Every structure is written in C-alpha cells, then in structure tokens.
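Observations on the model geometry
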Amino acid sequence: MVKSDFNHVRTWVFDLDNTLYPPSVNLFAQIETLMNDYMVRELRVDHAQATKLRKTYWETYGTTLAGLMAEHNLPPDPFLHEVHDIDFSVLSKDPALRAAITALPGRKIVYTNGYKPYAQKVLDACGLDGLFDAIYGVEHAHYRPKPERAAFETIFALDNLDPTHAAMFEDDMRNLVVPHAMGMRTIHVAPTAHPQSHIQHHTANLAAFLSQLA
C-alpha cells in the first residue's frame, strides 16, 4: 500500500539534520552554542539575550541566520562557516539507511537550511557520501530558508525538479507545508507522529520506511 503511493516519484528530496540521522544525536546542541557565541560577539548581547533572539528568529524567519540578516544586516557566510565548525564524531555510519537510499529509483538530492560544506561532512560521517545526485544548502536559495516558498522554488528550479513527481522527507513539519501545496508526496521523519493535513506519511525509522519503496 505504501509503495503504491510513491510509484510516480522520480526525485527524492531529503532534509539533512534530524532526518538523515536521528535527533537523539543532538548535533544542534553544538551548533546552537556556536550561534549564541557568535551573536554575543556580533550583537553585543549577553548569552540569555542571544538564546532568546536565536529562538525568536528561528520561529519568525525560519532560521536564525535569516533573522540576523533581516534584523541586523549581518553577512551570511561568516556565520555559516563559524556555527557549523563542530565535532562530527558523534555521528555514526548507517549502512541500513545507505542501502535503502541506494535502492530507490530515480534522482536523490539533499536540501538543507545549513550550507553545502557542512552537509557534505554530515553525509561523510553517516556513511552516506556519494549517494546523492546533488546537495543544496541555504546558499543555493540566495540565503532564503525553508519554509519560504521562494526558497523551495529556487532550489527546485535549479535542480529542474518537477514537484508533482517528487517526495520530501523532513523532520520539521512546517517545512512540509509548501512541498505539499506544490504537489509533492510529504513524509514527516520524527520519533512521534503529529497528524497534519499537509503530512501524508510519518516514520520514526527512515531506513525501514524507505525499504518498503524500492
């Protein structure tokens, strides 16, 4: 039954963080610490204020970076480089997920609100290097983040992707609203299901879910 829902899919779009590796790894704890340090230095606020701003910008703009650009006119590249300079050794290789992605028919891409060099390091650490036809970061969307429709449109045009023949795998439910509206098959990857009209499938085990589709 699940497989038949994906017979039309020619392009498989995967988010990166907390999607291609489990959220229990908590990679973002490292990134959030570096974001706070960056904001303390650049905005001249204390750590409590930095934490509050980081969360507010994420909720309002989709990413902390988008908020810093909109509210403070900060350049994106130094921020992206600094906050993604983390320890990747906490990630583990995932041969089951590698096999499941390999078996999928069609084109496979990664689309993240992080940036491409970071994504490549995560994929390497997870043993998923060399699997994807393209890797797109926020820089390829002119620093506009998911969940903005303009960000998705930019990336999909760059990839020559037809949303009506594609599937999107995401841990962040709000980032599936636009893909669903564009005609994509939407899959929420998270430990707990949260039924929403724009979410067509849920899985807590991406490798097991994908193994049903090949």
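What you see is a predicted model; the values in this text were computed from it and never measured.

Take the overall build of the chain next. Of the regular secondary structure elements, the chain holds 9 helices and 6 strands. The C-alpha atoms of the chain give a radius of gyration of 17 Å, which matches the 17 Å a tight globule of 214 residues would have. The contacts in the chain between residues at least 6 apart in sequence include a share of 63% that link residues at least 24 apart. As presented, the chain carries roughly 9,900 Å² of accessible surface, and 52% of it is formed by carbon and sulfur atoms. A gap of 4 Å separates the mean positions of the 18 positive and 25 negative side-chain charges of the chain.

Here the focus is the pattern of salt bridges. Two side chains with opposite charge may pair up if their charged atoms get near one another. Tallied over the entire structure, the rule returns 9 salt bridges. Between Arg 41 and Glu 82 there is a salt bridge whose closest N-O contact spans 2.9 Å. Here Arg 41, found in helix α1 (residues 27–43), pairs with Glu 82, found in helix α4 (residues 76–83); they are 41 residues apart in sequence, far enough to count as distant. Given a relative accessible area of 44%, Arg 41 falls into the partly exposed group. Here Glu 148 ties to Arg 144 by a salt bridge, and the two come within 2.7 Å at their closest N and O atoms. When its relative accessible area of 25% is taken as the criterion, Glu 148 is described as partly exposed.

So, about the side chain of Thr 19. Summarising the element assignment, Thr 19 is placed in the loop between β1 (11–14) and α1. Judged by relative accessible area, Thr 19 falls into the buried class, the value being 4%. At 3.2 Å, the side chain of Thr 19 forms a polar contact with the backbone nitrogen of Asp 171. Sequence-distant contacts of Thr 19, defined by excluding residues within four places in its chain, comprise Phe 169, Glu 170, Asp 171, Val 189 and Leu 206.

Angle between the axes and distance between the axes: these two values describe a pair of packed helices. As a packed pair, helix α2 (residues 47–61) and helix α3 (residues 64–72) sit with axes 7 Å apart at the nearest point and diverge in direction by 95°. By the angle class used here, α2 and α3 are roughly perpendicular. Taken together, the residues of α3 that come into contact with α2 (itself represented by Arg 54, Tyr 57, Trp 58 and Tyr 61) are Thr 64, Ala 66, Gly 67, Leu 68, Ala 70, Glu 71 and His 72.

Turning to the nonpolar core, a few remarks are in order. Residues Phe 14, Leu 20, Tyr 118, Phe 169 and Leu 210 are the most contacted members of the largest nonpolar core, which totals 52 residues. The biggest single contributor to this core is α1, with 6 residues. Of all hydrophobic cores here, the second largest spans 18 residues; its members include Phe 152, Ile 155, Leu 176 and Val 178.

By the element assignment, Ser 197 lies in the loop between β5 (185–189) and β6 (201–203). When the C-alpha positions of Ser 197 and Pro 147 are compared, they lie 16 Å apart, and in sequence the two are 50 residues distant.

Bringing the packing of α3 against α4 into the picture now. At a minimum axis distance of 10 Å, the contact between α3 and α4 shows a crossing angle of 150°. One element, α3, and the other, α4, form an angle in the roughly antiparallel class. Where α3 crosses over α4, the handedness of that crossing is right-handed. Facing α3, whose interface residues are Thr 64, Leu 65, Leu 68 and Met 69, α4 presents Pro 76, Phe 79 and Leu 80.

Parameters at a glance
- Residues numbered from 1 in each chain as written.
- Predicted model: local features only at pLDDT ≥ 70, side-chain atom pairs only at ≥ 80, totals over all residues.
- Heavy atoms only, no water.
- Helix = DSSP H or I, 4+ residues; strand = E, 2+ residues; numbered from the N terminus.
- Rg over C-alpha atoms; globule rule 2.2 N^0.38 Å.
- Contact = heavy atoms within 4.5 Å.
- Areas by Shrake-Rupley, 256 points an atom, 1.4 Å probe, with all protein chains shown as cover.
- Lys, Arg positive; Asp, Glu negative; His and termini not counted.
- Charge placed at Lys NZ, Arg CZ, Asp CG, Glu CD.
- Salt bridge = Lys/Arg side-chain N within 4 Å of Asp/Glu carboxyl O.
- Buried < 20%, exposed > 50% of the residue type's maximum accessible area, 1.4 Å probe, protein only.
- Polar contact = N/O pair within 3.5 Å; in protein donor to acceptor, adjacent residues only side chain to side chain.
- Axes fitted to C-alpha atoms, helices over the stretch in contact; angles between N-to-C directions.
- Parallel < 35°, antiparallel > 145°, perpendicular 65-115°, else oblique.
- Core = buried A, V, L, I, M, F, W, Y, C linked by side-chain atoms within 4.5 Å.
- Left-handed = near helix turned anticlockwise from the far one by under 90°.

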